[in-house]
There are 2 protein chains.
Amino acid sequence: MHAGDEVRILLVLHYDGRGFHGWQVQPDLRTVQGEIETVVERITGARRTVLGSGRTDAGVHATGQVATVSFPARWSASRARKALNALLPRDVWVEEAREVPMAFHPRYDAVARTYRYRVGTAALSASPFHRPYCWALGEALEEGLLKRGAALLPGTRSFRSFAKAGQPQRGEMCTVQEAAWTPWGDLGWAFTIRANRYLHHMVRYLVGTMVDVGRGRRALDELVALLEDPDGEATTSPPAPPEGLYLERVRYPSPSFVPSPPHA
Amino acid sequence: MHAGDEVRILLVLHYDGRGFHGWQVQPDLRTVQGEIETVVERITGARRTVLGSGRTDAGVHATGQVATVSFPARWSASRARKALNALLPRDVWVEEAREVPMAFHPRYDAVARTYRYRVGTAALSASPFHRPYCWALGEALEEGLLKRGAALLPGTRSFRSFAKAGQPQRGEMCTVQEAAWTPWGDLGWAFTIRANRYLHHMVRYLVGTMVDVGRGRRALDELVALLEDPDGEATTSPPAPPEGLYLERVRYPSPSFVPSPPHA
């Protein structure tokens, strides 16, 4: 498991996205990767790169982001977890730490990522205990239309219609393995999607458009057109706001890579 | 319902206690009462006192604090609610607003207040999505001992043992109407207590002591002694931290005063 005197440790991370300018290190901005690298440097005495399974945007939460970092071989995963949790700020937390082969790469080895998006339809979703963690819409959504929208998504196709315009993308084909709307308690609806990859802002554009269908502002046919003809005239609705979005789980091919069941 | 050209409006409030130095206005400190009075002044053009059902300490949350404030008679309760929610900071929210008689007093008319305290026994309670809203203990508690502790509390007696030392108290007798520990999902335990009144820090001293009994650090007999003999030698455990505590509901004698069922 060691390369020279190093050990590679996989971390399963929770973070409250509100206080971060996203995952990736940026000069002079507070990011999740940056906060973890700072603490790793404090406890090991050397700057070490923390690799993530993918970037999350500013304001987006995680209950199952996966990252790796190398530690000196005298460190065990459980000691690393304790030291990180003792020093990390309160809005990022290591749920689990595990030793993985040095060759493991959290991004290239991932086969699927699951995101969850919460939409609050009840007035109570605007409470300070819920509003930071959902899109506090406060309007009813028609269950049948939400579910018919989600049922259109599984399969392999171009999702270019649902990508931030003008963003360079490495390929536009994505395979959606699962997509469903389920009740979010008495507060609203949660959309869960699992795909091999995503284009930039894709989940938020999908949710923004499906919510407009669900509240009767657009026809379901417009969603069909966006999916079937990325070169057509149709445009998406604005992206749903980041505070409703969670990176919930990252899957790897070998069972030994699969993190514990996620908790939301 | 009006005295002269004023109307009295009752507000049911949620707030995330983290950002506040408690309920009550204090010079140069951010308080819930202060934030609401500032917004009321902005929308009515005059400084007006917001009366609360009682103070909550720094860091304590509410999902059912009750307050009143007078508005010019041209204001309806629903217009006041909308205007307040549009301008209040995101960590305080008006769930409900209702016109009440000018003579109504949210503190003196209250017959009971319900508090809830969440203790996280699962490791997951340390996640950034739970830790600000519970005591993230991370240790198992014995259900039988918690429940035997709570069963000792109902009735009328001096709770002086469970009050912050040296604080002047207007009387030390309290009537606990209900006290129970129930599961908090998979995350831990929630303690609910309803009483006509409380001494300063009383719920947090009770929880701190019951938790020490539940994790085997103290004998249940010590809790019995503290309750039966306020002049004895026994001392409480340290108070449980404020972030686990919620003011959940305030009850009034007339059904017309009773706010909607609380939500946590």
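None of the values given here were measured: they were computed from a predicted structure.

K.L.:
Mind laying out the pattern of salt bridges, listing which residues take part and the relevant values?
P.N.:
Side chains that differ in charge, positive against negative, can pair when their charged atoms come close. In total, this model carries 34 salt bridges over all chains according to the counting rule given. Note that Arg47 of chain A and Glu41 of chain A form a salt bridge whose closest N and O atoms lie 3.0 Å from each other. Residue class for Arg47 of chain A comes out partly exposed when judged on its relative accessible area of 48%. Under the relative-accessibility criterion, Glu41 of chain A is labelled partly exposed at 33%. Notably, a salt bridge pairs Glu172 of chain B with Arg160 of chain B, separated by 2.9 Å at the nearest N-O pair. Taken as a pair, Glu172 of chain B in the loop between strand E8 (155–158) and strand E9 (173–184) and Arg160 of chain B in the loop between E8 and E9 lie far apart in primary sequence, 12 residues in all.

K.L.:
I'd like to hear about the interface of chain A and chain B, residue by residue, with values.
P.N.:
With 25 residues of chain A at the interface, the matching set in chain B holds 25 residues. Surface buried jointly by chain A and chain B totals about 1900 Å² across both partners, of which 64% is contributed by carbon and sulfur atoms. The interface formed by chain A and chain B holds zero salt bridges in total. Applying the counting rule to chain A against chain B returns two residue pairs in polar contact (both at pLDDT 80 or more). Taken together, the elements giving at least two residues each to the side of chain A that touches chain B come down to strand E2 (6–15), strand E4 (61–72) and strand E5 (92–100) of chain A. Looking at side-chain class alone, the side of chain A that touches chain B contains 12 nonpolar, six polar and seven charged residues.

K.L.:
If you had to explain helix H2 (residues 77–87) of chain B to someone new, which residues and values would you point to?
P.N.:
Among the residues making up H2 of chain B, those that are buried are Ala77, Ala80, Ala83, Leu84 and Asn85 of chain B. At its buried positions, H2 of chain B is contacted by strand E2 (6–15), helix H1 (32–44), strand E4 (61–72) and strand E5 (92–100) of chain B.

K.L.:
Summarise the environment of Gly244 of chain B; cite the residues concerned and give the values.
P.N.:
Its location among the elements puts Gly244 of chain B in the loop between helix H5 (220–228) and strand E11 (245–251). Beyond its immediate sequence surroundings of up to four residues, Gly244 of chain B is in contact with Arg116, Tyr117, Arg118, Tyr133, Cys134 and Trp135 of chain B.

K.L.:
With reference to specific residues and values, describe the packing of H1 of chain B against H2 of chain B.
P.N.:
Residues and elements named next belong to chain B. Closest axis-to-axis distance for the H1/H2 pair is 10 Å, and the angle between their directions is 115°. Here H1 and H2 pass one another in a crossing that is right-handed. Between H1 and H2, the contacting residues are Ile36, Val39, Val40, Arg42 and Ile43 on the first element and Ala83, Leu84 and Leu87 on the second. A class-by-class count of the residues in the contact of H1 with H2 yields seven nonpolar, no polar and one charged.

K.L.:
Before we move on, can you summarise the confidence of the model for chain A with the specific residues and values?
P.N.:
All names here are of chain A. In the predicted model, chain A carries a mean pLDDT of 93, and the fraction of residues at 70 or more is 93%. Overall, residues 260–264 carries pLDDT values under 50, and its contacts beyond four positions in sequence, including any with other chains, amount to 11 contacts. Taken together, the chains of this predicted complex give a pTM of 0.90 and an interface ipTM of 0.88.

K.L.:
Report on the domain arrangement of chain A, specifying residues and quantitative values.
P.N.:
All names here are of chain A. Assigned domains of chain A: these are domain 1 (2–109) and domain 2 (112–247). For domain 1 and domain 2, the distance between their C-alpha centres works out to 28 Å. Contacts between the two partners involve 16 residues from domain 1, matched on the other side by 13 residues from domain 2. It is Asp57, Val60 and His61 in domain 1 that bury the most area against domain 2; as a group they hold 44% of the surface buried on that side. Viewed at the interface, domain 2 and domain 1 are joined by one salt bridge. A salt bridge links Arg204 to Asp57; the shortest N-O distance between them is 3.8 Å. Taken together, the connections running from domain 1 to domain 2 amount to 11 residue pairs in polar contact (both at pLDDT 80 or more). In the side of domain 1 that touches domain 2, the residues fall into four nonpolar, seven polar and five charged.

K.L.:
Describe the environment of Gly144 of chain B, listing the residues and the values that go with them.
P.N.:
All names here are of chain B. Looking at where Gly144 falls in the secondary structure, it is placed in helix H3 (residues 143–151). Of the residues examined, Gly144 reaches a relative accessible area of 35% and is grouped as partly exposed. For the pair formed by Gly144 and Gly214, sequence separation is 70 residues and the distance between their alpha carbons is 8.0 Å.

K.L.:
Account for the pairing of strand E10 (residues 188–195) of chain B, naming residues and giving values.
P.N.:
Residue and element names in this part refer to chain B. In terms of burial, E10 is a largely internal element, eight of the eight residues being buried. When strand E6 (residues 112–120) meets E10, the two strands line up antiparallel, connected through eight bridges. Within E10, the position partnered with Gly120 by the bridge is Gly188. As judged from the eight bridges shared by E9 and E10, these two strands associate in the antiparallel manner. Paired with Val176 across the strands is Ala195, a residue of E10.

K.L.:
Which residues make up unusual backbone geometry, and what are the values?
P.N.:
The phi dihedral of His201 of chain A falls on the positive side, at around 70°, and the residue is not glycine. When its relative accessible area of 15% is taken as the criterion, His201 of chain A is described as buried.

K.L.:
Give a description of the state of the cysteines that names residues and reports values.
P.N.:
Tallying each qualifying case throughout the model produces zero disulfides over all chains. Here Cys134 of chain A stays free of any disulfide, with the sulfur of Cys134 of chain B as its closest cysteine sulfur at 20 Å.

Cut-off values and rules
- Residues numbered from 1 in each chain as written.
- Chains lettered and ligands numbered in written order.
- Predicted model: local features only at pLDDT ≥ 70, side-chain atom pairs only at ≥ 80, totals over all residues.
- Heavy atoms only, no water.
- Salt bridge = Lys/Arg side-chain N within 4 Å of Asp/Glu carboxyl O.
- Buried < 20%, exposed > 50% of the residue type's maximum accessible area, 1.4 Å probe, protein only.
- Helix = DSSP H or I, 4+ residues; strand = E, 2+ residues; numbered from the N terminus.
- Contact = heavy atoms within 4.5 Å.
- Buried area = accessible area lost by both parts, 1.4 Å probe.
- Polar contact = N/O pair within 3.5 Å; in protein donor to acceptor, adjacent residues only side chain to side chain.
- Nonpolar A, V, L, I, M, F, W, Y, C, P; charged D, E, K, R; others polar.
- Axes fitted to C-alpha atoms, helices over the stretch in contact; angles between N-to-C directions.
- Left-handed = near helix turned anticlockwise from the far one by under 90°.
- pLDDT = per-residue confidence, 0-100.
- Domains from an automatic or database assignment.
- Pairing = 2+ DSSP bridges.
- Disulfide = S-S within 2.5 Å.

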